[in-house]
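This is what each chain is made of:
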Amino acid sequence: MPDDVCLIDSHCHLDMADYQSDLDLVIDRAVQYRVKGIVTIGIDLASSQAAVSIAGLTRAVRATVGFHPHDAAKASPASLAQLAALADSNKAEVVGWGEIGLDYVKKYSPPETQRSIFRKQLQMARELKLPVIIHDREAHDDCLRIISEEGPFEQGGIMHCFSGDLNFAQKVIDKNFHISIPGIVTYNKANEMQEVACQVPLERLLVETDGPFLAPVPFRGKRNEPLYTLYTAARIAELRGLELVELARQTTENCQSLFNYEFDC
Ligand SMILES: [Zn+2]
């Protein structure tokens with residue numbers, strides 16, 4: 001593999017218990033093998049605080065803060081204000097707001113609560129001038145409607161672990177969003193995601209692990225980790241008929257300009 005490959009894992013959950021025993025090794029391994037930046041994503045107040053702490057340890061990790069749709073019911077006005085204060089007082093570490101959004105598959109929080117907490121956080125991210133990281137599972141129409149009503153988003157955003165078709169991808173790109181592709185793209189039956197990964201404009205594409213979940217082939221079913229961004233990126237490069245180094249260069253540039261942060265590539 002060429003030495004100048006530099007990838008960024010745009011979405012990982014380094015604060016989760018799965019990494020507790022070997023977090024240093026997980027980060028070192030990624031950086032050593034060319035995944036030189038990791039964005040670790042908050043899902044509630046405690047995990048956002050943990051994400052900020054991890055980012056404080058190394059320039060290779062930056063953090064985002066937010067209440068995941070699963071946790072929307074836990075997002076009180078006080079805890080949302082604490083999140084905003086966390087972002088505001090750690091500007092060097094916090095590069096985005098999320099993950100936020102709608103999950104109509106699991107519905108761990110009532111959909112109506114999800115929608116109102118989603119809106120509230122979109123407004124907060126705009127005030128803080130941070131890009132937003134959106135989780136959307138089987139809620140494309142409502143996501144698009146709410147983004148349209150709460151936008152425009154000058155700082156942009158990410159549809160993380162993108163699960164729509166090409167038509168939906170184009171609609172969110174028109175709203176100044178990027179499309180982030182996870183390891184699912186390496187699975188045999190992921191035809192729709194492969195089509196999106198292949199067709200989306202390269203300057204709108206990002207790669208992610210969503211670790212510890214959704215490990216790419218050949219690690220499917222095991223713990224995912226930032227290093228495996230390599231496998232996802234290699235598959236997308238293959239689908240697009242590009243060299244890995246070229247795909248890495250553009251997705252890394254996209255990620256750095258979206259998060260307004262330069263990793264040490
Ligand atoms: Zn996530």
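On a predicted model such as this, the values are computed, not experimentally measured, just so you know.

*Asks:* Teacher, can you tell me more about the packing of helix H7 (residues 191-199) against helix H8 (residues 229-240) here?
*Replies:* For any two helices packed against each other, one specifies the inter-axial angle together with the distance between the axes. Viewed as axis vectors pointing N to C, H7 and H8 meet at an angle of 70°, and their least axial separation amounts to 9 Å. Taken together, the axes of H7 and H8 lie roughly perpendicular to each other. For the pair formed by H7 and H8, the contact residues are Gln194, Ala197, Cys198 and Gln199 on the first element and Arg235, Ile236, Leu239 and Arg240 on the second.

*Asks:* Just checking my understanding: could you explain the pairing of strand S3 (residues 61-65) for this structure?
*Replies:* Within a regular strand, the side chains alternate between the two sheet faces. Of all five residues that make up S3, five are buried, and the element is covered over most of its length. Residues of S3 alternate between two faces, with Val61, Ala63 and Val65 on one and Arg62 and Thr64 on the opposite face, all of them buried. When strand S2 (residues 35-41) meets S3, the two strands line up parallel, connected through four bridges. Looking at S3, one finds that Ile38 is bridged to Val61. At this point the chain moves from S2, through helix H2 (residues 45-57), to the parallel S3, and the crossover so formed is right-handed. In terms of strand pairing, S3 meets strand S4 (residues 94-103) through three bridges, oriented parallel. In the strand pairing of S4, Val65 is matched with Trp97.

*Asks:* How should helix H4 (residues 111-128) be read in this particular structure?
*Replies:* Since the α-helix advances by 3.6 residues per turn, residues separated by three or four positions end up pointing in the same direction. Taking 1.5 Å of rise per residue, the 18 residues of H4 would be expected to cover 26 Å, and the 26 Å separating its terminal C-alpha atoms lies within 8% of that figure. Looking at H4, one finds that the buried residues are Gln114, Ile117, Phe118, Gln121, Leu122, Met124 and Ala125. For H4, the angular spread of buried residues about the axis comes to 165°, placing them on one side. Every exposed residue of H4 that faces more than 90 degrees away from the buried side is listed here: Glu112 and Glu127. Note on H4: the residue one or two positions beyond its end, Lys129, has a positive phi of about 55°.

*Asks:* What am I meant to see in the coordination of the zinc ion here?
*Replies:* For a metal with four tetrahedral donors the ideal donor-metal-donor angle is 109.5 degrees, while six octahedral donors give ideal angles of 90 or 180 degrees. For the zinc ion, the full set of protein donor atoms is His11 (NE2), His13 (NE2), Glu99 (OE) and Asp210 (OD), and the range of their distances to it is 2.1 to 2.6 Å. Relative to the metal, the four donor atoms surrounding the zinc ion lie at angles of 88 to 175°, and the coordination shape comes out irregular. Each donor residue of the zinc ion belongs to the same chain, with the gaps between them written as H-x1-H-x85-E-x110-D. Remark: Glu99 occurs in strand S4 and His13 occurs in the loop between strand S1 (7-12) and helix H1 (23-32); sequence separation between them is 86 residues. Using a relative accessible area of 2% as the deciding quantity, one classes His13 as buried.

*Asks:* Explain the packing of aromatic side chains to me, please; I cannot follow it from the model alone.
*Replies:* Two aromatic rings are characterised by how far apart their centres lie and by the angle between their planes. A complete count under the given rule lists six aromatic pairs for this structure. Summarising the aromatic geometry, the rings of Phe162 and Phe168 are spaced 5.8 Å apart at their centres and angled 20° between planes, so their arrangement reads as stacked. The residues Phe162 and Phe168 share a single accessibility class, namely buried. Judged by centre distance (6.0 Å) and plane angle (85°), the ring pair of Tyr228 and Tyr231 falls under edge-to-face. A residue is classified by how much of its surface remains accessible, and Tyr231, at 35% relative accessible area, is partly exposed. In this structure an aromatic cluster arises from ring pairing among Phe219, Tyr228 and Tyr231.

Basis of the calculations
- Residues numbered from 1 in each chain as written.
- Predicted model: local features only at pLDDT ≥ 70, side-chain atom pairs only at ≥ 80, totals over all residues.
- Heavy atoms only, no water.
- Axes fitted to C-alpha atoms, helices over the stretch in contact; angles between N-to-C directions.
- Helix = DSSP H or I, 4+ residues; strand = E, 2+ residues; numbered from the N terminus.
- Parallel < 35°, antiparallel > 145°, perpendicular 65-115°, else oblique.
- Contact = heavy atoms within 4.5 Å.
- Buried < 20%, exposed > 50% of the residue type's maximum accessible area, 1.4 Å probe, protein only.
- Pairing = 2+ DSSP bridges.
- Right-handed = clockwise from strand over helix to strand, strands pointing away.
- Expected span 1.5 Å × (residues − 1).
- Arc of directions from axis to C-beta.
- Donors = N, O, S within 2.8 Å, 3.2 Å for Na, K, Ca; no water.
- Tetrahedral: all angles 85-135°; square planar, octahedral: opposite > 155°, others 65-115°.
- Phe/Tyr/Trp six-rings, centres within 6.5 Å; stacked < 30°, edge-to-face > 60°.

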